[in-house]
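Here are the chains, one letter per residue:
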Amino acid sequence: MSASARQVIVIGGGLGGLWATLALAEAGHRVMLFSLFEVMRSHSACAQGGINAVLDMKGQHDSVQQHIVDTIKGGSYLANQPPIQSMCEDAPGLIRTFERMGVTFSRTPEGLLDQRLFGGVKHKRTCFAGASTGQQLLYGVDQQVRRLETEGKVEKQEWWEFLSIVKDVDGVCRGIVAMDLRSLEVRAFRADAVVLASGGLGQIYAPKTTCSTNSTGAAASRVYQQGARFANAEFFQFHPTAMLGEDKTRLMTEAARGEGGRVWVPKDPGDRREPLRIPESERFYFLEDWYPSYGNTVPRDIAARAIWKVTRELGLGVGGADAGESRDRVYLDLTHLDRNFVSTRLGAILSIYRKFAGQDPLETPMEIFPAAHYAMGGLWVDYEKDPTRGGMKAGSPRNHATNIPGLYACGECDYAYHGANRLGANSLLSASYSGRVAGEAVASYLSGLEQGAEAAPAALFETESRRQADLNQQFSRPRGDQNPFRLHRELGALMTTQVGVVRDNAELDAALSSLRELEQRFERLDLSESSRWANQSLAHARQVFDMVKLAQVMAASARARDECRGAHFKPAFDLAIPQGKFPGDPEFEAYRERWKANNADWLKTTVAEYHPDGPRIAFEPVDLGLLAPEQPRDYR
Amino acid sequence: MSASIQHPHFLLRRLHSLLGLVPVGAFLVFHLWENSQSRFGATHYNQEVVGALQGLNYLLLLEVFVIALPLLFHAGYGLLIIRTGRAEPLRYGYVRNGLYWLQRVSGVALILFLLLHVGLTRIAGLFDPAISADLFGYMQQALAQPPVFALYLVGVLLAVFHLANGLATAAIVWGLTSSAEAQRRFGWVCAGLGLLLAALGVHGLLGFLIAPTAGGVA
Amino acid sequence: MHAEANRQTVELRIRRQDRPNAAPYWQSFVLEARAGANVVSLLMDLREHCVTKDGERVDPVAFEHNCMEEVCGACAMLINGLPRPACSALIAELEAPIRLEPLPKFPVVRDLMVDRARMFEHLKQVKAWVRIDGAWDNHERAPRISPQDWAANYLYSRCMSCGCCMAACPQVGSDQAFVGPAPLAQVRLMNAHPTGRYDKTERLHAIMAEGGLSDCGNAQNCVRVCPKAIPLTTAIGELGRQTTLQALKDLFGND
Ligand SMILES: Cc1cc2nc3c(=O)[nH]c(=O)nc-3n(C[C@H](O)[C@H](O)[C@H](O)COP(=O)(O)OP(=O)(O)OC[C@H]3O[C@@H](n4cnc5c(N)ncnc54)[C@H](O)[C@@H]3O)c2cc1C
Ligand code: HEM
Ligand code: HEM
Ligand code: SF4
Ligand code: F3S
Ligand code: FES
C-alpha cells in the first residue's frame, strides 16, 4: 500500500457500495466496508430484469445518444443531463467489466450477449442474466471485493449499523459512529472520507413495497438530519406489476412485459370465469389500447397510473368493484408465449410466483397491482461538468460529493440520474456506475486532502459516540405504550394512502400532520425488549424514527410541487395530452405551449434541508444543456 | 503449486477408494466365487479350488500385500472417515442419505465380522492344520449352526452392499458419473451387480449345507 | 380470496437461545395466520406482541430476513426439522405446531439468528472469484459462451449462501474442516468461466487439501434441500473428474 494510502469508509455493500469499494481499493486506499449484514444479502440481489447498456446486439441501430434521450425523457427532463450522458456512455464498458468478473449474462444462440426490451424504450437494450440479474451483478462485485479482502485491501464490518457521521469544526466529515448489531457496542471510526451507499427507502411504504426489509432509508435520513441536502424526495416510483402479499408485494419484473407479457382485465367487471376461458374479444388490453405505440412497455409511472385508473376509477379490477381485496388486481398474462422461452428468460420470477401464489404463470395469468418500488430522489450530490465533452468530468472530486465535505453518496440513496421517473433497468446501471464514479471522486478528494482524519481531535469522536449511546439509552427506556413495529406499520399505511400513486394537496397536508404526530409518539416508545445482546427492536425503532423524518421530507416535497411530472401525479394540476391529437395538430401544439409554460415554473430540482421544525424546501435549476425540453413525454 | 501431492489428504482419500475397489473389492468378488464352489462338494472345493490357491507360490506375500494390508488400511482410514461425519438418517429420509449411513454402518459391522471370520478360518488354520486341510468340512460344521449361518448371511449381504454402494460412490469420487441422471443410471447398474454378488454369496453359503460331504460333482 | 375467510391460528414452537453460549430453551406461541402467510411474516407479527402460549410476555424472537422472496438467503432455519428459507415456507403447507430452530452447523447468535461467517471464509479458501486485472473497461468484447454452457453455469450462479445445504450435509460440522457443498459448486462455476479457468489449478489444489472435495461422503442431502435447486452433486462429480485429472498432471507432469 502506497504511502499516500488513506482510510475510507464505505457504508453499504449493495452494487453502489461494492463498486465504490473496488474503485477505492484499486486506487490504493484502505477501505472499511460497513453493512447491516453480509453484503451479498443486500437489496441489489432482488433486482430481476436487467441492466441497460447500448450494445446494439439486435440490429436495431440503437445508439448511446438514444439511451441518453430515453433516460432524460423518461425522467421528464428533471435530471441533470451531464451525469446521464456520462452514465450512458460508460454503460457498455461497465457490462464488459461485469462480464469479465464472471457475471453469467444470458447469451444469444451465437454465444454473444443477449439483450431484451424494457419499458419506456423502443430498442432492446437490456442485458440480463435470466431473471436474477441484480443477484448476478452483486455476486460478481462481491467476489472481487472478497478477493481484495484476502489481499488485505478491504476490511469488512458486517453486522454494524451506521448511526451518524462525525464532523469537525469546519464541517468536514472525519468519520462515522456505528453500532455493532450483536453486542450493541457504539463506536466511532475515523475516516478521511465516507461514502454512503445505503440503498433505497421503499420500507417507508411497507408492506406494500417490493423492497427488502432493510431498504429503510434510515442511513440517508441520518446524514440529512446532520445537514446533508435531500433532493427530489417527492419522486418515488410505484412499480406497476407486483403480486399482492400481506407481508410484502413481490415484484414481477418489467421484463415480463418486455418479453411479450400482456396486461388486461375482463371487459365485464363482473366476469367470474377463469381468465383463460374469457375470449379475446371480451378482454380489455388497456395499455395496448391507450398507448398503441409502446403498448405494454410504457414507462412505469404511466403503467402504474393506468392500472390505478382501471381499478380505482373505472372499477374494472379483476372480479369487479365489490371483489374486496382483489378489485385491486389486473392480469399480467404470459400464457400465450412459448413456454420454453419464458422459462429460460424469466425462470426466477416464475418460481417466485409459483412459490408465493401457488399458481403457475405458464398456466394462468398472474394477478398484479402497483407497489412502492424505487426512490428517484435521494441525497443531493454534486458533479463537475466537462466543458469540452459535456458529460461529467472524469475524476473530479466534486462528482457524487454531498454538500458535506468528505461525505459522498452513490447508489439508490443519491438522486442523480433518474429525474422524475426511472426507466426500467437503469438503476442497476446507475448504482454500479455511480459507485465507481464516487470511488474515483473520493480518490481525487483524498489526493488533494492536506490533513486526514488522524489530525481530528479525539473529543469529536467521543462526543458523537456518546450522543449516539445516549440515544440508544433513550430509545431503550420504556416510556409508554408505543411499539416500534406497529409504528412502522402505521407509517407504511399512511404513506401508501396519502403519499402514493395519486396525490392531493389536502391529503398531503393531512399526511404531514399525521407524520408529525407519528414522530411525537416516539416519546412514548416501549421496545418491550430489554436484552443487551442482538436487540433487534432497538435497531428497528431507531430506523423507524429516521424513516418518519424522511417521510416528512417526501410529503413536504410532494406538497411543494404543484404539477404532474413523472411519478409525481397530482390530478388537480394535470395537463392532459389532448386525445387523438398529435404534434402538428393545433390542439397538441397548444398543449405543448402549456407544457412549456409549466416547465418554466416547475422544471427544477427540489432540495430539502433539515430543520428541527420540519424540512425547508428550496429549488435549484436543472442542467438541460444536452436536450432542451421541447418534446413532452408521449408514449401513445 | 503441486499442493495436491504434497498434501496427503487427497491422495490418502483416493487411495482408500482405490483399495476398496481394486484389491479388496476384487478379492471379495473372487472370494464369493471361490466359496460358491462349495455347491460342487468337498473334494472339488478343497482340492480344485482351495487347494489350487494354497498351491500358489508366494501365497503369503499375496495374502499380506493384496489382501490384509489394503483391507487394514481401508478399514482403518474408513474408521477415520466415519468419525468426520454425523449421519442423520431419520431427519433426512432420502435414499442416498440412507445409503451413506448404511455404508458406514456396514463398514463397522464388517470389521467385527472379519475379526470373527478371519480369526476362525485363516488364523485358526495357522494353529490347527486340520482346518486348512478340510476347509469345506470345517465351514460346513460351522454353518450348520443357525447363529453362525445368520452371522455369515448378514456378513455377506453387508459386504456386498458395501461394495456395490461403494462402487456407485467411487464413480462420483473419481468423476466417472457427474450428472444426476448418470449417477442414477450407474446406481442401478451397481444395484444389479450387488444383487448378482448377493446371489453368488448366498448360493455359496447354501452350497456348504446342501452339497455332498465327499465325492465329486453332484 | 377474502382475507377474513382464511384466517386461522397456528402454534409456533421456537427454540430460543439468548446468547451464543447460553442454554437453549423452547417457547410456544399461538398466532393468527393470514391467508398466504409464511414463517417470516408470522415472526414479523410476533415482534409486535411477543406473548407465549401461556400468556407470558417475553423478548421478541430474533431472526434474520431481507428480501422476503427467497433470493437473499438470510432467513434460512430449521422448520419442522428441515433446513429451508423461512420466507418461502408457507404456513398452509406446514404441519402444525410448527417447530422453528436455528440453522444447525453454525454458531447461534441469538434465537433463530446464526453466524454464517464460516461460509464466506470457505469461499475465500477455494478462491471463488475470477481474478481480473482491475475493474475497468479494457474494451474487449465479451467472449462467446454457448447458450448450453451458459445454461449450465447459470444454475450455479444463483447460490445465495443460505447455508441450507451445509446444514443438511452430514460431513459439515462446526468441528470439521470440510468447506461444504456450496463453495464446491462455486469452484465448478469459476473453473468453467473463460478466464476464471486460468486459476483452475489453484482452485483444484485448494479443494484437494484438507477440508476439500475429498471430505464429501456423497450423502447428497445438499442437493435435496437446496431451495434454489442448484445441482450440487453434479458439481461434485465434475470436480471429482477435474481433481482426478489434476492429480495425474501433478504426479506425471503437465504435458
Ligand atoms: C424488487 C426490485 C427489483 C428491481 N429490479 C431492477 C432491475 O431489474 N433493473 C434495475 O436496473 N434496477 C432494479 N431495481 C432497483 C435496484 O435493485 C436498486 O436500485 C439497486 O440495487 C440499489 O443498489 P444500492 O447499492 O444503492 O443499494 P442496496 O443494494 O439496497 O444496498 C444497501 C446496502 O446498504 C447497507 N446499509 C443500509 N443502511 C445501513 C446502515 N445504517 N448501516 C450500514 N449499512 C447500511 C445495507 O447493508 C446494504 O448492504 C429493482 C428494485 C427492486 C425493489
Ligand atoms: C460365503 C461366505 C463366506 C465363506 C464361506 C467364507 C469362507 C472363507 C474361508 C474358508 C476362508 C479361509 C481361507 C484360508 O484359510 O485360506 C476365508 C478367508 C477370508 N475371508 Fe471369507 N468367507 C465368506 C465370506 C467372506 C466375506 C463376506 C468377507 C468379507 C470381505 C470375507 C473375507 C475373508 C478374508 C479377508 C479372509 C482371509 C483371506 C486370506 O488371508 O486368505 N469372507 N473365508
Ligand atoms: C469387504 C471389504 C470392503 C470392501 C470391498 C470395501 C469397499 C469399499 C469401496 C469400493 C468403497 C467406495 C470408496 C469410494 O466411495 O470412493 C468403500 C467405501 C468405504 N468403506 Fe469400505 N470396503 C470394505 C471394508 C470396509 C471396512 C471394514 C470399513 C471399516 C469401517 C470400511 C469403511 C468404508 C467407508 C467409511 C467408506 C466410505 C468412504 C466415503 O464414502 O467417504 N470399508 N469401501
Ligand atoms: S447451494 Fe443452495 S442450499 Fe447451498 S447455500 Fe447455495 S442456495 Fe443455499
Ligand atoms: S450432503 Fe454432503 S456429503 Fe457430499 S453430496 Fe452433499 S456435500
Ligand atoms: S428473506 Fe431473503 S431468502 Fe428469505
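Think of each chain on its own: its residues are numbered from 1, step by step along the sequence as written. Labels are handed out in written order, letters beginning with A for the chains and numbers beginning with 1 for the ligands. A pLDDT threshold of at least 70 governs which residues receive local features in this predicted model, and a stricter bar of 80 or more applies before side-chain atom pairs are shown or counted, although totals over entire chains, interfaces and linings include all residues. The side-chain values count all of the structure's non-hydrogen atoms but skip hydrogen atoms and water molecules.

Caption draft 1: Up close: the nonpolar core. Residues and elements named next belong to chain A. Throughout, nonpolar core names a set of buried Ala, Val, Leu, Ile, Met, Phe, Trp, Tyr and Cys residues whose side chains join them through atoms within 4.5 Å. In this scheme, a residue with accessible area under 20% of its type's maximum is buried, one over 50% is exposed, and one in between is partly exposed, where area comes from a 1.4 Å probe on protein chains only. The biggest cluster of nonpolar side chains holds 241 residues, and the ones touching the most others in it are F98, I176, V195, F286 and M495. Looking at this core element by element, the count peaks at 14 residues for helix α14 (residues 536-560). Non-local contacts of F98, meaning those with residues more than four positions away in its chain, are made with L15, W19, I51, V103, F105, L137, V141 and S432. Only DSSP runs of H or I with at least four residues qualify as helices, and only runs of E with at least two residues qualify as strands; both kinds are numbered from the N terminus onward. What makes two residues a contact is simply this: any of their non-hydrogen atoms within 4.5 Å.

Caption draft 2: Geometry of the site of ligand 5. Residues are counted as near a molecule or strand when any one of their heavy atoms sits within 4 Å of it. Around ligand 5 lies a shell formed by C169, P170, Q171, P181, C216, G217, N218, A219, Q220, N221, C222 and I236 of chain C. Three residue categories are used. Nonpolar comprises Ala, Val, Leu, Ile, Met, Phe, Trp, Tyr, Cys and Pro, charged comprises Asp, Glu, Lys and Arg, and polar comprises the others, including Gly. A breakdown of the residues in the shell around ligand 5 according to their chemical character gives seven nonpolar, five polar and no charged.

Caption draft 3: Summary view of the interface of chain A and chain C. Contact with chain A, which involves 75 residues of that partner, is made by 75 residues of chain C. Computed with a 1.4 Å rolling probe, the buried area is the accessible surface lost when two parts are put together, summed over both parts. Buried area between chain A and chain C, summed over both chains or domains, comes out near 6400 Å², and the portion from carbon and sulfur atoms is 51%. Interface area lost by chain A to chain C is led by R41, R100 and W533 of chain A, which between them contribute 13%. Salt bridges are counted wherever a side-chain nitrogen of Lys or Arg sits within 4 Å of a carboxyl oxygen of Asp or Glu. Here E246 of chain A ties to R34 of chain C by a salt bridge, and the two come within 3.2 Å at their closest N and O atoms. Identification of polar contacts relies on pairs of N or O atoms within 3.5 Å, with a donor-acceptor requirement for protein atoms, meaning one able to donate a hydrogen and the other able to accept it, and with residues adjacent in sequence counted only if both atoms are side-chain atoms. Seen at the junction of chain A and chain C, the total is 43 residue pairs in polar contact (both at pLDDT 80 or more). For the side of chain A that touches chain C, the element with the most residues is helix α4 (residues 133-150) of chain A, which contributes nine residues.

Caption draft 4: Quick peek at the coordination of the iron atom of ligand 2. Looking at the iron atom of ligand 2, one finds its protein donor set to be H31 of chain B (NE2) and H117 of chain B (NE2), positioned 1.9 to 2.0 Å from the metal centre. For H117 of chain B, a relative accessible area of 13% puts it in the buried group. The donor set covers N, O and S atoms within 2.8 Å of the metal, switching to 3.2 Å for Na, K and Ca, and it leaves out water, so a site may look short of donors.

Caption draft 5: Summary view of the sheet that holds strand β2 (residues 30-35) of chain A. Residues and elements named next belong to chain A. Any two strands with at least two DSSP-identified bridges between them are counted as paired. Pairing is parallel across the open sheet formed by five strands, whose spatial order is β6-β2-β1-β10-β19. Where the open sheet ends on each side, the last strands, each with one partner, are β6 (154-158) and β19 (407-409). With direction set aside, neighbouring strand axes in the sheet form an average angle of 20°. Pairing analysis gives four bridges linking strand β1 (residues 7-11) to strand β10 (residues 193-196), with the strands arranged parallel. Directly across from V8, in β10, lies its bridge partner A193. Axes here refer to lines fitted to C-alpha atoms; in helices the fit is confined to the stretch in contact. Angles between the N-to-C directions go from 0 to 180 degrees.

Caption draft 6: Highlighting the UniProt feature "active site" (unreviewed entry) in chain A. All names here are of chain A. UniProt positions are given in the numbering used here, feature names are shortened, and annotations may be inferred rather than shown by experiment. The positions that UniProt labels "active site" (unreviewed entry) are, in the present scheme, R300. Among the secondary structure elements, R300 is positioned in helix α8 (residues 300-313). Excluding residues within four positions of it along the chain, R300 makes contact with F118, Q237, F238, H239, P240, E254, H373, N421, R422, G424 and A425. Here the side chain of R300 touches E254 through a polar contact of 2.5 Å, side chain to side chain.

Caption draft 7: View of the confidence of the model for chain B. Residue and element names in this part refer to chain B. Confidence scores labelled pLDDT are given residue by residue by the predictor and lie between 0 and 100. For chain B, the average pLDDT comes to 93, and 95% of its residues sit at 70 or higher. No element of chain B has a lower mean pLDDT than helix α1 (residues 3-6), which averages 68, and none a higher one than helix α8 (residues 146-173), which averages 98. Confidence estimates for the predicted assembly give a pTM of 0.96 and an ipTM of 0.95.

Caption draft 8: How the structure looks around empty space enclosed by the protein. Only protein atoms enter the 1 Å grid, on which a cavity is a set of points fitting a 1.4 Å probe that cannot get out and a pocket is an open set with protein on both sides within 12 Å along at least 5 of 7 lines, lining residues being those with an atom within 4 Å of a point. Grid points are joined across faces, edges and corners, and a volume is the space filled by probe spheres set on the points. Scanning the entire structure with this criterion turns up 13 cavities of 30 Å³ or more. Quantified by volume, the second largest cavity comes out at close to 420 Å³. What lines the second largest cavity is a set of 22 residues, among which Q536 and Q543 of chain A together with F63, H65 and N66 of chain C lie closest to the centre. Secondary-structure elements contributing two or more residues to the lining of the second largest cavity are α12 (484-498) and α14 of chain A together with α1 (39-48) of chain C. Sort the elements by how many residues they give to the lining of the second largest cavity and α14 of chain A lands first, with four residues.

Caption draft 9: Expanded view of the environment of C75 of chain C. Residue and element names in this part refer to chain C. Relative to the elements of secondary structure, C75 occurs in the loop between α1 and β3 (76-79). Through-space distance from the C-alpha of C75 to that of L103 is 9.4 Å; in sequence the pair is 28 residues apart. When near neighbours in sequence (up to four residues on either side) are disregarded, C75 contacts V40, E64, H65, R84, P85, A86 and C87.

Caption draft 10: Layout of the coordination of the iron atom of ligand 3. Residues and elements named next belong to chain B. Taken together, the protein donors to the iron atom of ligand 3 comprise H74 (NE2) and H162 (NE2), at separations of 1.9 to 2.0 Å. A four-donor site is called tetrahedral if each angle lies between 85 and 135 degrees; a four-donor site is square planar, and a six-donor site octahedral, when trans pairs exceed 155 degrees and the remaining angles lie between 65 and 115; all other cases are labelled irregular. Viewed at the metal, the six donor atoms of the iron atom of ligand 3 are separated by angles of 88 to 179°, and the geometry they form is octahedral. A residue pair is termed long-range when its members are at least 10 positions apart, and H74 in helix α4 (residues 59-83) and H162 in helix α8 qualify at 88 residues. The class for H74 is buried, based on a relative accessible area of 15%. A relative accessible area of 18% places H162 in the buried class.

Caption draft 11: Up close: the site of ligand 3. Residues and elements named next belong to chain B. Around ligand 3 sit 25 residues, and of these R13, S17, H74, H162 and T169 come closest. In this structure, S17 approaches ligand 3 through a side-chain N or O atom, which is 2.5 Å from an oxygen atom. Contacts to ligand 3 include H74, whose side-chain N or O atom sits 2.7 Å from a nitrogen atom. Contributing elements (two or more residues each) for the shell around ligand 3: α2 (8-36), α4, α5 (95-127) and α8.

Caption draft 12: Region of the structure containing the arrangement of the chains. The top pair by number of contacts, from a total of two pairs of chains in contact, is chains A and C. Separated without contact, chain A and chain B have their nearest C-alpha atoms at a distance of 19 Å.

Caption draft 13: Expanded view of the interface of chain C and chain B. Between chain C and chain B, the contact holds 39 residues from the first and 33 residues from the second. The contact between chain C and chain B buries some 3100 Å² in all, and 51% of this surface belongs to carbon and sulfur atoms. On the chain C side of the contact with chain B, P170, S214 and N218 of chain C bury the most area, a combined 16% of that side's loss. Seen at the junction of chain C and chain B, the total is one salt bridge. Between chain C and chain B we count 17 residue pairs in polar contact (both at pLDDT 80 or more) in total.

Caption draft 14: Molecular detail of helix α11 (residues 458-476) of chain A. Residue and element names in this part refer to chain A. Here the expected length of a helix is defined as 1.5 Å per residue gap, with one fewer gap than residues. Look at α11: 27 Å from first C-alpha to last across 19 residues, which is about the 27 Å you get at 1.5 Å a residue. Within the sequence span of α11, burial applies to L460, F461, E464, S465, Q468, N472 and F475. The arc enclosing the buried residues of α11, seen along the axis, measures out at 115°, which places them on a common side. Packed against the buried residues of α11 are β7 (160-167), β8 (173-180), β9 (186-190) and α14. This arc is taken over the directions from the axis of the helix to the C-beta atoms.

Caption draft 15: Molecular detail of the pattern of salt bridges. The tally for this structure, following the rule as stated, stands at 79 salt bridges over all chains. One salt bridge in this structure joins R389 of chain A and D386 of chain A, with 3.8 Å as the shortest N-O distance. Given a relative accessible area of 47%, R389 of chain A falls into the partly exposed group. A residue is classified by how much of its surface remains accessible, and D386 of chain A, at 13% relative accessible area, is buried. D509 of chain A is the partner of R559 of chain A in a salt bridge, and the nearest nitrogen-oxygen pair spans 2.9 Å. Residue R559 of chain A is found in helix α14, and its partner D509 of chain A is found in helix α13 (residues 505-521); the two are separated by 50 residues along the sequence. Judged by its relative accessible area of 27%, R559 of chain A falls in the partly exposed class. Through salt bridges that share partners, D142, R146, E149 and K156 of chain A together with E121 and K124 of chain C make up one connected network.

Caption draft 16: Just the packing of α12 of chain A against α14 of chain A, in detail. Residue and element names in this part refer to chain A. Where α12 contacts α14, the two axes come as close as 9 Å, and the packing angle between them is 25°. By the angle between their directions, the pair α12 and α14 is classed as roughly parallel. Crossing of α12 against α14: the hand is left-handed. Side by side, α12 and α14 meet where P484, F485, L487, H488, L491 and M495 of the first sit next to S537, H540, A541, V544, M547, V548, A551 and M554 of the second. Broken down by class, the residue content of the contact of α12 with α14 amounts to eleven nonpolar, three polar and no charged. Should an angle lie under 35 degrees it is considered roughly parallel, over 145 roughly antiparallel, and from 65 to 115 roughly perpendicular; all remaining angles are considered oblique. With the far helix as reference, a near helix turned anticlockwise by less than a right angle produces a left-handed crossing, and one turned clockwise produces a right-handed crossing.

Caption draft 17: Summary view of the packing of aromatic side chains. Any two rings among Phe, Tyr and Trp, with Trp reduced to its six-membered ring, count as a pair given centres within 6.5 Å; such a pair is stacked if its planes are under 30 degrees apart, edge-to-face if over 60, and tilted if neither. According to the stated counting rule, one finds 32 aromatic pairs over all chains in the structure shown. Consider the rings of W308 of chain A and F369 of chain A, whose centres lie 6.3 Å apart with planes at 35°: the pair is tilted. Within this pair, whereas W308 of chain A is found in helix α8, its partner F369 of chain A is found in strand β17 (residues 366-375), the two being separated by 61 residues in sequence. Residue W308 of chain A shares its accessibility class with F369 of chain A, and that shared class is buried. An aromatic cluster is present here, built from F34, W160 and F189 of chain A joined pairwise through their rings. The ring of F356 of chain A has R250 of chain A sitting right over it, with the charged end atom 3.9 Å from the ring centre. Against the face of F40 of chain B rests R39 of chain B, its NZ or CZ located 5.5 Å from the ring centre. A ring is considered to have a charge above it if a Lys NZ or an Arg CZ atom is located within 6 Å of its centre and within 35 degrees of its normal.

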